[in-house]
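Working through the structure, step by step
The lines below spell out each chain.
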Amino acid sequence: MAIAPVASAQIHVGRNVEGGIPWSVAAPQGASWSLVCRFAPVTYEASQYELRRWTNKIATTGTGAARGRLPHQDGRCTVTKTGGPGPVGIALVRNGEVHAAGTNDRTRPAAVGFL
């Protein structure tokens, strides 16, 4: 019986895995970075044969600016500078409210979130 409440807390987003709050990474001088976003568990359709795959995390890397969306309306993201000149920053926007942070230090990630 302990499993049922956890399973029912998951939101099924179907194929719309980017229907939630937007995130944006800024690296104005072309720095490279690593991004990890965590959010409440969701299930989604990975293919026509796998209709309920589970996730609660997005992890990606890049250089320069990038954008995306989380699966729904909560989440926390951390960006870590991995190389190159200049700072990196992360921003999340929900209902017109912006949470943003930045770093120029490889040992100190910048983190923001709506939970």
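Residues numbered from 1 in each chain as written. Predicted model: local features only at pLDDT ≥ 70, side-chain atom pairs only at ≥ 80, totals over all residues. Heavy atoms only, no water.

A short note on the confidence of the model for the protein chain
Should pLDDT be low for a region, the predicted coordinates there are not to be read in detail. Put simply, the test is: Here pLDDT means the predictor's own confidence in every residue, given as a number from 0 to 100. Per the convention used, a helix needs a DSSP run of H or I reaching at least four residues, while a strand needs a run of E reaching at least two, with both numbered from the N terminus. Contact criterion: two residues are considered in contact whenever any of their non-hydrogen atoms come within 4.5 Å of each other.
Confidence along the protein chain averages 87 in pLDDT terms, with 93% of residues attaining 70 or more. Within the protein chain, the lowest mean pLDDT, 52, falls on helix 1 (residues 3-9), and the highest, 97, falls on strand 6 (residues 75-83). Throughout residues 1-5 the model reports pLDDT below 50, and contacts reaching past four residues in sequence, or to other chains, amount to zero contacts.

As for the sheet that holds strand 7 (residues 88-94)
Going by this rule: A pair of strands is labelled paired if DSSP reports no fewer than 2 bridges between them. What counts as an axis is a line fitted to C-alpha atoms, over the stretch in contact for a helix, and the angles between N-to-C directions run from 0 to 180 degrees.
In spatial order, the strands read 5-2-7-8; together these four strands make up an open sheet with antiparallel pairing. Each edge of the sheet is formed by a strand with only one pairing partner; in this case those strands are strand 5 (66-69) and strand 8 (97-103). Strand-to-strand twist in this sheet, taken as the mean axis angle between neighbours without regard to direction, amounts to 15 degrees. Here strand 2 (residues 22-26) runs beside strand 7; their pairing, made up of four bridges, is antiparallel. Directly across from W23, in strand 7, lies its bridge partner L92.

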